[in-house]
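Listed below, chain by chain, are the residues.
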Amino acid sequence: MPLTLPPLVDHHCHGVLRHDVDADGFASYLTESNAPAAPGTTFFDTQLGFAVLRWCPPLLGLDAHCPAERYLERRGELGAEESTRLLLRASGTGTYLVDTGLPGDLTGPGELAGLGGGEAGVIVRLESLAERTADAGQDAASFLEVFDHAVTAAARTAAGFKSIAAYRHGLGLDPDPPGAAEVHAAAARWLTDRPPGGRITDPVLLRHLLWSAVRTGLPLQLHTGFGDPDLRLDHCDPLLLTDFIRAVAPHGCPLVLLHGYPYHRHAAYLANVFTHVYADVGLALSHTGARAAAVLAEALELTPFGKLLYSSDAYALPELYVVGARVFEDALTRLTDSWTSSGAWSEPDAARVARMVSAENAARLYSLVPAGP
Amino acid sequence: MPLTLPPLVDHHCHGVLRHDVDADGFASYLTESNAPAAPGTTFFDTQLGFAVLRWCPPLLGLDAHCPAERYLERRGELGAEESTRLLLRASGTGTYLVDTGLPGDLTGPGELAGLGGGEAGVIVRLESLAERTADAGQDAASFLEVFDHAVTAAARTAAGFKSIAAYRHGLGLDPDPPGAAEVHAAAARWLTDRPPGGRITDPVLLRHLLWSAVRTGLPLQLHTGFGDPDLRLDHCDPLLLTDFIRAVAPHGCPLVLLHGYPYHRHAAYLANVFTHVYADVGLALSHTGARAAAVLAEALELTPFGKLLYSSDAYALPELYVVGARVFEDALTRLTDSWTSSGAWSEPDAARVARMVSAENAARLYSLVPAGP
Amino acid sequence: MPLTLPPLVDHHCHGVLRHDVDADGFASYLTESNAPAAPGTTFFDTQLGFAVLRWCPPLLGLDAHCPAERYLERRGELGAEESTRLLLRASGTGTYLVDTGLPGDLTGPGELAGLGGGEAGVIVRLESLAERTADAGQDAASFLEVFDHAVTAAARTAAGFKSIAAYRHGLGLDPDPPGAAEVHAAAARWLTDRPPGGRITDPVLLRHLLWSAVRTGLPLQLHTGFGDPDLRLDHCDPLLLTDFIRAVAPHGCPLVLLHGYPYHRHAAYLANVFTHVYADVGLALSHTGARAAAVLAEALELTPFGKLLYSSDAYALPELYVVGARVFEDALTRLTDSWTSSGAWSEPDAARVARMVSAENAARLYSLVPAGP
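Please read all numbers here as calculations on a predicted model, not as lab measurements.

## A look at the overall build of chain A
Counting its regular elements, chain A contains 15 helices and eight strands. Over its C-alpha trace chain A gives a radius of gyration of 20 Å, about what one expects of a compact globule, namely 21 Å for 373 residues. Dimensions of chain A, computed from C-alpha atoms along their principal axes, come out at roughly 60 × 50 × 40 Å. Burial statistics for chain A: of 373 residues in total, 64% are counted as buried.

Written out as C-alpha cells, the structure reads:
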C-alpha cells in the first residue's frame, strides 16, 4: 500500500551548484572519492549512479535508465537553474535544513528553498565558523571571544549546529570540555602555525567547538561513518562517541548522529539507550540505492521510531535531492508493506511511523512548523 | 510450511515480576535504557514494543496491535500471576535455564517453571555470587576460599555459569588466569575499598571468576554485544575474547557467547572455528522484532547448526517470553521456508536444524533431558 | 530472468588434492577450523556443507541433498581425478588464477586448468616465496638479494602477488616502506632465530614483502577478514589498511582486498573512495551458502561495479569450485532479478554488470585475454 507522506523535512543537506557541469564534473559528485575513477570504470556504474538515472530522467522528460550522456545533454539544454527547479520541486521536500559550511558556488538556504518551493533553516558548521573567525587574523583571546559571540549569535537563528570532528581528527576525542587555559594555548598555537585557510584539526579546539555548541542547547549534528577519504572510516564509528554522549547527557543538548554507515546499527543502539541521542542514515541511502531498504531496515532495528530522521545529505547536484527522497520513500514503503502484510506491524502504526520519520520527528527536535499540507 | 518444533529450551532467561506494573514501569522494560524516553517519544514505539502488542494481546483475549493502554488495563484486571501463567504457558517453553543473579522481586527458577508448566535449571552469575560472598564481610583469604567453595557447590547442581565481565570492565581482559598472589592482592583491595553492595569491577578479580568457572567444566555463558548503557558496546565485541577462547581450549569448558548483536557475525565466526564455542542471539531477536529473521539469518551464516542455541533473555515481563519465542519461531520458519523453496536446503534438513536450534543443541550442551511433548 | 554469464575468471583459488579423501578428511575442508567438530556436531551441518550437498551430487549422478556418506561413496568409486574433472568442468570456470603458496599434494595451475578445461595463471604468495628463499640458508644480504630477484622474476610471468600478512601479524602494520638497514637487521634476526620451515612474522619483513610487490606494479591481493583461527579476525579489518592504501596510491599498484567478511562493507567503502582498490567476497559466499545473496548484496552497496571481482577461494576439494561458482551465479541472479523487477536497475545494465563482475573486471585488472565461450 503506498504510504501518504507529508512534505519531507530534510534535516541535513547542502546547497546546489549555481552553474552547469560537464559529464566529468557531474560524475565526481556521484562518489565520496576525490580522485578519478579507476581505468575502464565510471562512477555512473555504482548504486548511486544507477539511482540517479532511474529517478531523474523522467523528471526532465526522458526515459528512466537512459544513457548518462543523453541525460546530461537534456540537463544542459534546460540549464542549471531550470533543472534545479524541476528536480527540487519533484523531490517532495518541504523543509531544507542547510549546512552552510561547504565552499563553492552553491545556493544559500533561502535560494535553495525558493527554487524548491519550501522552507529553509540553517545548520551552522562549527569548524567553518571557527575557520572564518580565524581568517580575521586575531590573537587567541580575541579569536575565542569572537567565536563565542558567533556561536551565541548563531544560536538565535539557526536550527542547529554541526561538527565534522570525524574528518578533522576522528571521533576518539577526550569526552570532557577542555579547560580555558588549555583552549587558549591550543588556539594560540593554531593561529600562529596556521597557513592561510588552514583547517582546524587540534583535538582540544575541536572539543571546544563541540562544547560551545552543547551549551546552546540546540541540536548538535555529528558526522559519523561513511564520508570522503579525508576521514579514516574506523575512526568514525559512532560508538567512539559513547563517553562524550554520557558527558553531554546532563546538559540537555540533543545529539544527532548523521549517516553512520556501515556503523548505523551502532548509531541505532546509541539512540535506543541514550535519551538525548537521535540518528539518521542520510548519505547511506542515496549511495546504496537499490539496497536502501536493507540499510534503512538495519537502522530501524534499534532506533526508537520517534528518534529516526530523514536527510538527503544532498550536495551540489539537485539530482541528489531527488534520489535522497525517492530511495527513502521507496525503502520505507517496502519495509512497512512487508511488516504490515506479515502482521508484524498494524497499518495505522506503519502510517504513523512513516509520518514521524519523514517529518514529525525533525519538526519536534528542531522546533519547526512543518511545511503545509 | 510450518515447522513442528519441540518445547523450547530457553537456555538464558531471568525471573519475572511478582507484582503488577503501571504503564511507565512496563515501558521501562521495553528498552535496555535506564533513562526516560525522549520528549514526545515512547518506548512502545520500538520494534520490541510493536512485537509485544502483536503477540501478547490475543493471549489475554484482545486484538493484536490494540492500544498499549487497553492491553495494560486487561493485564491489570487479570493480575500479575494470572497474566504470567497465561503468557508463559502460551510461549511454548519447555525448559527455563534461569540466571538468578538479577535483583528485584522476581520469580525464582522453580516458581517460574511452575507458572509456565516446564522444567527449570539454574545458571549461576559469577559476579553476583562474588558480591554476595563479599557482603559477608570477610578478609581476602576467607573471601577467596568461600567463593571457591561456592563455585564448587554450585557446579554440582547448576546447569552452567554466566559472566557479565562485559558490563563490569569490557571483554578486553588479559586472557590468562591470574596468579594467586595477584588475586589475593586484588581481593584485599576490593574488600577494603568496597562500599556496601559495591560491584566487582577489578579486571584481575573478573578473570579469577571466569577461570573459577572454567575449571568446573560446566558451560560458561558470556554476555557479549548489546545491553544496557552501563556497558560500552565497542568493548563488548566477542572478538575481544579471542585470546581467552584460545586459552580456555585445552580445559574442555564450553563457552557460550550470548546476544552478540550487532557483532553476532563475529560470534558466529568464533563458533565456526573454535570447537568449544557456542552462540545464541537471545536478546537481539526480541529487540529487533519485525527484523528478527534478518538478524537470525546473519547468525546462521557461519554458526555451525549444531552450535546455535535459543534464548529469550526475558526479564521482569512474562511478555518477553512470548515475544522471544514467537519472533524466534517466526524467524526460523521464514528462513527455512525460503531456503527450502529455493532448493538451498532440503525439507528434512530444515526440520532437523529447527529441532536442533530450538532444543536439542541446548539439551546436549547442558546435559538436559528435554521436556516431553 | 537467468543471466547469461561468460566463463568465470576465478581470480583467487588454489590447487585441489591429487588423492582421495575419507569422510573426516572431506569434512575438515568444509570449515576454516583446524580442530575437530564439537561433540555431537558435524561440519556437514553448516551452510557450506548444505551447499556442497545441494550442488555436487547431481554432477556425479546422485540426487541433491543425498546423505554425505552416499556422496562420498560415489566420489570414491569415480576416483579423485575423474571426480575432479567432472566437478571442475561443470563449474563454468574459464580462467584459474592460482595462489601456489599452499603446501600439500595439490594440483599445480596448469594441471588444474587442464582438468577443468580452462586457462591458468599464477598468483605468487609473498610469504611462501620468502620462506622458500630462506630455506636455502643464506645470510641476510644474500636472502634479500635473492628474494628481490625472485620477485622481479615472478613479476615477468605471474598475474599478481598475494600477501597473508593478515595471518602472520594482522593488518595493523606501519604503512610506509621500511628502510634498508631496518630490513637487513630484521632479516638477520629472523634467519638466525628461525627453526626449520619457520614462518615469516616479523612486521618489518612483512612490510618489505608488501612493498617489494607494490614496486612491480602488478595487482597485489591482500587477505582480509574471515579465515582460519591462526588469525585474529578483529586484526583483519580491511580498514586497518587505510594508511597503507594511501601510501601506495602514488605507486600505481592496484590492491585487491580478498574476502573481507564480516567487514566486506568496509572493503567496499575502500574500493569506492580509492582509485586503486578492488574487492571480492571470495570465501564468504561459499561459506554462507544459502545466505550468499545477502552477503554479495552488502558488497554491492558501495563497491563500484567495475571493481568487484569473482573468486571461489577453492582449496583441496573440487567441490569448492562448484559451490563457489553456483552460489555466486545464484546470488547474482537473485539480486539482479530483484533489482530489475522493481525498476531500480535496467535489464541491460544488469546483464552488463553481471559480465563485468564475472569476468571482465578481472580480465582488465590482470591483463588477461578472457577464455572463449
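## Some points on the relation of the copies chain B and chain C
Once chain B is rotated about the relating axis by 120 degrees and shifted along it by 0.0 Å, it coincides with chain C to within an RMSD of 0.0 Å. Each copy turns onto its partner about a three-fold axis. Considering only C-alpha atoms, the part of chain B nearest the rotation axis is Ala294(B), at 5.6 Å. Here only 3% of the contact residues of chain B are again contact residues in chain C; the copies associate through non-equivalent surfaces.

## Looking at the interface of chain B and chain C
Between chain B and chain C, the residue contacts involve 34 residues of the former and 37 residues of the latter. Carbon and sulfur atoms supply 54% of the area buried between chain B and chain C, which totals about 3000 Å² over both sides. A per-residue breakdown of the area chain B buries against chain C is headed by Arg265(B), Tyr269(B) and Glu301(B), which together make up 20% of the total. Connecting chain B to chain C are four salt bridges. In this structure, Asp243(B) engages Arg232(C) in a salt bridge whose closest nitrogen and oxygen atoms are separated by 2.8 Å.

## Brief notes about the interface of chain A and chain B
The interface of chain A with chain B comprises 34 residues on the first partner and 37 residues on the second. Buried surface at the junction of chain A and chain B, both sides included, amounts to about 3000 Å², of which 54% is carbon and sulfur. A per-residue breakdown of the area chain A buries against chain B is headed by Arg265(A), Tyr269(A) and Glu301(A), which together make up 20% of the total. Summed over the shared surface of chain A and chain B, the number is four salt bridges. One salt bridge in this structure joins Asp45(B) and Arg352(A), with 2.8 Å as the shortest N-O distance. Of all the secondary-structure elements, those providing two or more residues to the side of chain A that touches chain B are helix H10 (242-248), helix H11 (264-273), helix H13 (292-302) and helix H15 (347-365) of chain A. Of the residues forming the side of chain A that touches chain B, the biggest block, six residues, is contributed by H13(A). Here the residues of the side of chain A that touches chain B are counted per class, giving 17 nonpolar, eight polar and nine charged.

## A word on the sheet that holds strand E7 (residues 277-280) of chain A
Residues and elements named next belong to chain A. Spatial ordering of the open sheet is given by E1-E2-E3-E4-E5-E6-E7-E8, a layout of eight strands whose pairing is parallel. In this open sheet, the two edge strands, each paired with only one partner strand, are strand E1 (8-13) and strand E8 (308-309). In this fold helix H5 (residues 126-135) packs onto strand E3 (119-125), strand E4 (160-163) and strand E5 (220-224), with an angle of close to 65 degrees to the strand it touches most, E3.

## Digging into the side chain of Ser286(C)
Secondary-structure assignment places Ser286(C) in helix H13 (residues 282-288). Apart from the residues within four sequence positions on either side, Ser286(C) is in contact with Leu48(C), Ser312(C), Leu320(C), Val323(C), Gly324(C) and Val327(C).

## Comments concerning helix H5 (residues 126-135) of chain B
Residue and element names in this part refer to chain B. Burial analysis of H5 places eight of its 10 residues in the buried class, the great majority of the element. Listed in full, the buried residues belonging to H5 are Leu 126, Glu 127, Ser 128, Leu 129, Ala 130, Glu 131, Thr 133 and Ala 134. Of the residues trailing H5, Gly 137 is marked for its positive phi of about 75 degrees.

Calculation notes
Residues numbered from 1 in each chain as written. Chains lettered and ligands numbered in written order. Predicted model: local features only at pLDDT ≥ 70, side-chain atom pairs only at ≥ 80, totals over all residues. Heavy atoms only, no water. Helix = DSSP H or I, 4+ residues; strand = E, 2+ residues; numbered from the N terminus. Rg over C-alpha atoms; globule rule 2.2 N^0.38 Å. Buried < 20%, exposed > 50% of the residue type's maximum accessible area, 1.4 Å probe, protein only. Least-squares fit on C-alpha atoms with pLDDT ≥ 70 in both. Contact = heavy atoms within 4.5 Å. Buried area = accessible area lost by both parts, 1.4 Å probe. Salt bridge = Lys/Arg side-chain N within 4 Å of Asp/Glu carboxyl O. Nonpolar A, V, L, I, M, F, W, Y, C, P; charged D, E, K, R; others polar. Pairing = 2+ DSSP bridges. Axes fitted to C-alpha atoms, helices over the stretch in contact; angles between N-to-C directions.

None of the figures reported here should be taken as evidence of function without further support.
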